[in-house]
Amino acid sequence: MSTVVKADPVGPAGSARPLSERRPLGDRGFQVLTLACGLLVLVILVLIAVSTTQQSTSWFSAEGLKIFTNNWNPAANQFGALAFIYGTIITAIIALVIAVPVSLGVALLLTEVVPYRWARPIVTVIDLLAVVPSVVWGLWGILVFAPWIQHIYASIGSGVNGIPVLGSLFGPPTSGASFFTAGIILAFMITPIVTSLSREVIATVPAIDKEGAYALGATRLEMIRGAVWPHSQGGVVGAVLLGLGRAMGETIAVALVIGSSPVITSHLFAPGYNMPAVIANQFGEASGEFRAALMGIGVLLFVFTIIINVIARWIVERSARRKRGA
Amino acid sequence: MEQPEQNPVATTSLPKPAALQESKPVSDTPGVAVFDTKNLSIYYGAFRAVTDVSLTVHENEITAFIGPSGCGKTTVLRTLNRMNDLIPTARVDGDVHYRGASLYAKDVSPIAVRRRIGMVFQKPNPFPKSIYDNVAYGPRINGERNKGRLNEIVERSLRQAALWDEVKDRLKHSGLGLSGGQAQRLCIARTLAVEPDVVLMDEPASALDPIATGRIEDLMHEIKSRYTIVIVTHNMQQATRVSDRTAFFSVLVDSKSDTRTGTLVEYGRTEQIFQDPHDSRTQAYVTGRVG
Amino acid sequence: MAIVAEPQQPDLREPAGWRRTSNRIATWLMVLAFVLVIIPLGFVLFTVIAKGVSIISWSFLTSGPIPPIVLPASVGGLGPAVLGTIEITALATVLAVPLGILGAVYLNEYGGKGPLARLIGFMADVMTGVPSIIMGLFIFAIWVLHFGYSGLAGALALGCLMLPVVIRSTDEMLKLVPDPLREASYALGATKARVTVTVVLPAAIGGIVSGALLAVARAAGETAPLIFTILGGTSVANTNVFKGANTALPLQIFSNATQPYTGAQARAWGAALALIAIAFILMIAARLVTARFTRYSR
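None of the values given here were measured: they were computed from a predicted structure.

(A) Representation of the pattern of salt bridges. The final tally for this structure, using the stated rule, is 27 salt bridges over all chains. Note that Arg-78 of chain B is salt-bridged to Glu-211 of chain A, the shortest N-O span being 3.0 Å. One end of the pair, Arg-78 of chain B, is in helix α1 (residues 73–79); the other, Glu-211 of chain A, is in helix α7 (residues 207–215), on a second chain. On the basis of relative accessibility, which here comes to 11%, the residue Arg-78 of chain B falls in the buried class. For Glu-211 of chain A, a relative accessible area of 18% corresponds to the buried category. Put simply, Arg-218 of chain C and Glu-222 of chain C hold a salt bridge, and the shortest N to O gap is 3.5 Å. By relative accessible area, Arg-218 of chain C is classed as partly exposed at 33%. The exposure class assigned to Glu-222 of chain C is buried, which follows from its relative accessible area of 13%.

See the structure below:
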């Protein structure tokens, strides 16, 4: 196809132009190709929803609303999945409680405190943290971290045994592989994403607002509370939600350190289970309704994470849009 | 707060100054020296941005810095309240004294400096908070918690900034919802709320329409008796309208290294600068021959 | 302030008291946060290197078959797993990267601000948050059940993971290419396709490659998608990536991690070290590409 002399009407890149008769075939073909690749995203998401639901219908129809009961007994053909939902939520909360202050601290450190020269190495450390594969976290978690922290759990557990609230949270039974350990490892894993997103959000605070606060004689902490925080609240919430989504879906590290015990208990140092972990651990030997149940848990997980991610991205986009408009 | 707090009284007009000069066009009896710079040079890394500025700013006067763009007027202004500290490579050489104390001595805290020497910026920058919280921000960080006193401070500052009547019914509304002129007056009110000694203004009206500009200039005249004001402006007529003294800055071009360094060319009473400039560069600028 | 003839100099020292203390505490808390990040990272890296370095050797990485878990680490090697990781990840890259780049081209050059493009962009962002295990279940449901386990199935799952990441990072890079570049090309009579392929993509290629390398690094380390797609039980190398079960380094780590046998655990550490090394090399390569070949950056 020769390069056409009567060329494309000049327009800024990205302006949607209807397919015109005068456009050569190759050009239109290319456009269709790129559109198809873009649509692939939507197609895949829809296919995921359809195919996994299809594979789990036998579970949904057999159990109905009983899927939300704490009644998991494959041997007796009982597949109530509440324990796993509980575990997913608990470990995610623990992870957020640890990771959010740390991530915000590092993000503020990078944007407000350290001189430019030291920013690069700190960011490198965060990137290194992000690149450690989940399975390596799990390996280290179960072979090194869990045995070590078990002693700490045991001391705390015996210490608070009997005290009203603390006892039921941190009292025995304690185990190295437990909800809390999974939460800690998850915190390590979601810190990079929450940090880098928070950093992006904080960096959009206009410098002139920060200068306004400093010019009034504010200390750095006062400037952060007066000028930075009001601007970046929304974006930070979005970043935290994205961390939540990631914490809920992280599989292998959790599968190795959570203890594989489908119980609902307030004792955070006790072994537990969560949605992705049970799927990963049990799928190999499962068949029939068992397999359908695991698939169905996957469907639930998919729905949860999609909802959280949609909300999170919407919040982040809205605060970015407000900034551009203001 | 180290100084005894002034009695915050909400008044519609300001008390007459006591025994300090009114702006008299002819006689020159300068008041107390508020700022005193000697051979001040400012560097960004190895680059010398401003060289050899020696001037004295007097109490309760409005001093204007004028000159073409890039001549360092804003840089010098920001040196007076240690705002250049926010730029990592900035460095100051020479003396800068504020009421006899060196501004750049070792144990001087920029926070204490900025508490006394406030700044209004070119583009209005109200915080994304309510109007009330914007003005109350300064007093709050200085420890004022009493609701009654805060209310008085907010009202007094907004009156001084000639904004009270327009916003008194919507103090809880966001400061971001104001027009340009109103937002700038809000920033001025915010600066006045901590009762500084000096107010530095960096082209405060350049982003505003003529009516808003006129309001800001009237405001400057009204508060002059209680504060010392230094204003950077690229509008010569504004300098003649508001200032008692004018400092004319210009650019030295080093043809070998093609660098531009700002410097103070001439400094004197405003009438003298504009009607009888001593330096030819001053004359070229004020007569409009060069931009 | 009414200052009437104040003879002594103003006190410009730092205001003492709660303001200074709270500011200092805040700064130290931020530093503490960073320390809390370094400690686990250092710990993990140190452990993996310390425990893996004695196992790692050329023969460990290349020889097979993978011995039964009871045997010590000196027997056999993880060659089949290394081969599996390489061939599956490479296939996933070949699938996902071109499609991702083309998708980003649609978003940036053709779709613009239109509703479809905004939807696709938004859902691509959302898709980056879909857990990797879901991709594994997905490919299991639509592929493995019909065609059996294979390296290709694994590559499809990893490709689904990589696709939105590549789209997003490529889109960012394309946005940075200045419009005057495109307009100059149009003015010379080029079609949009030609402009994109000959001018825009080459201008952004550094950033695109760098983003792709990071996506590969993530995919190479993924375990969950592989569980459901390549089966992982094989002990011999499978060079046919389209047929038959396969294995990969992450799977080996996963299956060995919970074994009580020291040989198995040692193999797990060795594999972990190899995996981390791969990820780091890709990350460093991405940074080098960004530093040397990126013309337009933020």
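Next comes the rest of the account.
(B) Region of interest: the interface of chain A and chain C. Counting residues at the interface gives 89 residues for chain A, matched by 88 residues for chain C. Between chain A and chain C, roughly 7800 Å² of surface is buried when both sides are summed, and carbon and sulfur atoms account for 80% of that area. Between the two partners, chain A and chain C, sit 2 salt bridges. Two residues, Arg-287 of chain C and Asp-127 of chain A, come together in a salt bridge whose shortest N-O distance is 2.7 Å. In terms of residue count, helix α1 (residues 25–63) of chain A provides more of the side of chain A that touches chain C than any other element does, 19 residues in total. Here the residues of the side of chain A that touches chain C sort into 58 nonpolar, 21 polar and 10 charged.

(C) Region of interest: the interface of chain C and chain B. At the interface, 12 residues of chain C touch 24 residues of chain B. Surface buried jointly by chain C and chain B totals about 1600 Å² across both partners, of which 56% is contributed by carbon and sulfur atoms. Linking chain C to chain B there are 0 salt bridges. For the pair chain C and chain B, the interface holds 2 residue pairs in polar contact (both at pLDDT 80 or more).

About the cut-offs
Residues numbered from 1 in each chain as written. Chains lettered and ligands numbered in written order. Predicted model: local features only at pLDDT ≥ 70, side-chain atom pairs only at ≥ 80, totals over all residues. Heavy atoms only, no water. Salt bridge = Lys/Arg side-chain N within 4 Å of Asp/Glu carboxyl O. Helix = DSSP H or I, 4+ residues; strand = E, 2+ residues; numbered from the N terminus. Buried < 20%, exposed > 50% of the residue type's maximum accessible area, 1.4 Å probe, protein only. Contact = heavy atoms within 4.5 Å. Buried area = accessible area lost by both parts, 1.4 Å probe. Nonpolar A, V, L, I, M, F, W, Y, C, P; charged D, E, K, R; others polar. Polar contact = N/O pair within 3.5 Å; in protein donor to acceptor, adjacent residues only side chain to side chain.

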